[in-house]
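Given next are the chains, with one letter for each unit.
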Amino acid sequence: MNIIKKITVRSPATVANLVCGFDVLGMCLNAPYDTMEVHLLDEQKVIIHSTDGYPLPTDPMLNTAGAPLVEMIGELNAGIGFEVMINKNIKPGSGLGSSAASAAGAVVAANHLLGNVFSKPDLVRFAMTGEKVASGVKHADNVAPCIYGGVTLIRSIFPLDIVSIPVPELFVTVVHPQIEVKTADARQILRKEVLLKDAIRQWGNIAGLVAGFMQNDMELIGRSLEDVIIEPVRSILIPAFDEVKNRSKIAGALGGGISGSGPSIFMLSKEEATAKKVETEMQEIYTKIDLPFYTYVTTINNEGVKINP
Ligand code: HSE
């Protein structure tokens, strides 16, 4: 077995749902990010190495980077394969799209090594196989923004219909309290039915958020960052959730909520100084209750997975 060529990619964190858009909206961040080295092999196999100390499976079929590549080389059936070195910086179970970063980074890198034979929707399709490995269901609200960059609307996954939404410059504050919430568990606890009145409110918010982004209307963005369906159930799993949200808004944040399936919480701000004030509030809250945490003040990443950073 020989290495034909190799590249490095930077695969960023993502915020799925964007509060009101469960499974249909997602946003790509500039920090944190994973780095991956991917080798093109002259043999039809996938080999995964983890260089970060997280106890993630290296069996390709059980690995979120491996399963999409197995599918990709199966479709190509050209006697080539991939070897992947993952250096994970986005903690699994953080709600920041850790599994998506592995899946998206792997398929973007592989496609680059192949001379970009696959389209972006193809890459999302492969990467969703990684999400299925991680959480038991295919969803694209992390892998699509990770591959496309910016904010994406996943209008449909079967068939795939992804729309990039233009966004104004915004600052994002993220706090990751150090508890792990597995996406599969956070989906399991959701009610299977919603009240029509709640659905109507949620539709209004999703449309309002998209319009707010496109029209650069900060007030509308803030008003639309409301979730009457998922947040009331999932926020119970996140210590001090309401306090983080309330104090962030008092500090000037437009709004925010649970990042993906949690436990991370994100807040959007118009100014960097506000985003930093929000970070201080978050730090004070978790220091007071003695729960270890990480915070990030970052911006929206309009590029997605970066080749040879
Ligand atoms: N939309 C998914 C969920 C994202 O909230 O379960 C998981 O990161």
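Everything quoted here is computed from the prediction, not taken from an experiment.

Some words on the overall build of the protein
Alright, step 1. Each helix and strand counted, the protein has ten helices and eleven strands in total.
Alright, step 2. Here the C-alpha atoms of the protein give a radius of gyration of 19 Å, agreeing with the 19 Å that 2.2 N^0.38 yields for 309 residues.
Alright, step 3. Along the three orthogonal principal directions, the C-alpha set of the protein runs to about 60 × 40 × 35 Å.
Alright, step 4. In the protein, which comprises 309 residues, the share counted as buried stands at 54%.
Alright, step 5. In the protein, of all internal contacts separated by at least 6 residues, the share reaching a separation of at least 24 is 75%.
Alright, step 6. For the protein, the exposed surface amounts to about 13000 Å²; the carbon and sulfur share of it is 52%.
Alright, step 7. Distance from the positive charge centre (27 side chains) to the negative charge centre (33 side chains) of the protein: 2 Å.

A short note on the packing of helix H2 (residues 98-113) against helix H3 (residues 120-135)
Alright, step 1. Viewed as axis vectors pointing N to C, H2 and H3 meet at an angle of 145 degrees, and their least axial separation amounts to 9 Å. Like other packed secondary-structure pairs, H2 and H3 cross with a definite hand, here right-handed. The residues of H3 that touch H2, namely those facing Ser99, Ala100, Ala103, Ala104, Val107, Val108 and Asn111, are Leu123, Phe126, Ala127, Gly130, Glu131 and Ala134.
Alright, step 2. A breakdown of the residues in the contact of H2 with H3 according to their chemical character gives nine nonpolar, three polar and one charged.

A short note on the site of the ligand
Alright, step 1. Inspection of the region around the ligand gives Ala16, Asn17, Phe22, Asp23, His139, Asp141, Asn142, Thr183, Arg187, Arg234, Gly260 and Ser261 as its neighbouring residues.
Alright, step 2. Here a nitrogen atom of the ligand and a side-chain polar atom of Asn17 are 2.8 Å apart.
Alright, step 3. Separating a nitrogen atom of the ligand from a side-chain N or O atom of Asp141 is a distance of 2.6 Å.
Alright, step 4. When the ligand sits alone it has 260 Å² of accessible area, and the protein chains cover 97% of it.
Alright, step 5. Its atoms largely coinciding with the cavity grid, the ligand occupies the largest pocket.
Alright, step 6. Of the residues that make up the shell around the ligand, three or more belong to each of domain 1 (6-164 + 302-307) and domain 2 (171-299).

What about H2?
Within an α-helix, residues lying three or four positions from one another point in the same direction, as the helix has 3.6 residues per turn.
Alright, step 1. Counted at 1.5 Å a residue, the expected span for H2 with its 16 residues is 22 Å, and the 23 Å between its end C-alpha atoms agrees.
Alright, step 2. One or two steps after H2, the chain reaches Gly115, where phi turns positive at roughly 85 degrees.

As for the layout of surface pockets
Using a probe with the size of a water molecule, rolled over the atoms, empty space left in the structure can be pinpointed.
Alright, step 1. Here the largest pocket defines a volume of roughly 670 Å³.
Alright, step 2. Class assignment of the residues belonging to the lining of the largest pocket gives a composition of 15 nonpolar, 17 polar and nine charged.
Alright, step 3. Shared between two domains, the lining of the largest pocket takes at least three residues from each, and those domains are domain 1 (6-164 + 302-307) and domain 2 (171-299).
Alright, step 4. Taken as a whole, the second largest pocket spans an internal volume of roughly 280 Å³.
Alright, step 5. Residue lining of the second largest pocket: 13 residues in total, with Phe22, Val194, Gln202, Ile229 and Ile230 positioned closest to the centre.
Alright, step 6. Summarising the domain contributions, the lining of the second largest pocket has at least three residues from each of domain 1 (6-164 + 302-307) and domain 2 (171-299).

Side note on the domain arrangement of the protein
Alright, step 1. Each assigned domain of the protein is listed with its residue range as follows: domain 1 (6-164 + 302-307) and domain 2 (171-299).
Alright, step 2. In this structure, domain 1 and domain 2 have C-alpha centres spaced 24 Å apart.
Alright, step 3. Contact with domain 1, which involves 28 residues of that partner, is made by 38 residues of domain 2.
Alright, step 4. Between domain 1 and domain 2, roughly 2300 Å² of surface is buried when both sides are summed, and carbon and sulfur atoms account for 65% of that area.
Alright, step 5. Of all residues in domain 1, the largest losses of buried area upon contact with domain 2 belong to Val19, Cys20 and Phe22, amounting jointly to 28% of the total for that side.
Alright, step 6. At the surface where domain 1 touches domain 2, the tally comes to one salt bridge.
Alright, step 7. The closest approach of N and O atoms between Arg187 and Asp23, which form a salt bridge, is 2.7 Å.

What counts and what doesn't
- Residues numbered from 1 in each chain as written.
- Predicted model: local features only at pLDDT ≥ 70, side-chain atom pairs only at ≥ 80, totals over all residues.
- Heavy atoms only, no water.
- Helix = DSSP H or I, 4+ residues; strand = E, 2+ residues; numbered from the N terminus.
- Rg over C-alpha atoms; globule rule 2.2 N^0.38 Å.
- Buried < 20%, exposed > 50% of the residue type's maximum accessible area, 1.4 Å probe, protein only.
- Contact = heavy atoms within 4.5 Å.
- Areas by Shrake-Rupley, 256 points an atom, 1.4 Å probe, with all protein chains shown as cover.
- Lys, Arg positive; Asp, Glu negative; His and termini not counted.
- Charge placed at Lys NZ, Arg CZ, Asp CG, Glu CD.
- Axes fitted to C-alpha atoms, helices over the stretch in contact; angles between N-to-C directions.
- Left-handed = near helix turned anticlockwise from the far one by under 90°.
- Nonpolar A, V, L, I, M, F, W, Y, C, P; charged D, E, K, R; others polar.
- Near = heavy atom within 4 Å.
- Polar contact = N/O pair within 3.5 Å; in protein donor to acceptor, adjacent residues only side chain to side chain.
- 1 Å grid on protein atoms, 1.4 Å probe; cavity = no way out; pocket = protein on both sides within 12 Å on 5 of 7 lines; lining within 4 Å.
- Sits in = over half its atoms within 2 Å of the grid points.
- Domains from an automatic or database assignment.
- Expected span 1.5 Å × (residues − 1).
- Points joined across faces, edges and corners; volume = space filled by probe spheres on them.
- Buried area = accessible area lost by both parts, 1.4 Å probe.
- Salt bridge = Lys/Arg side-chain N within 4 Å of Asp/Glu carboxyl O.

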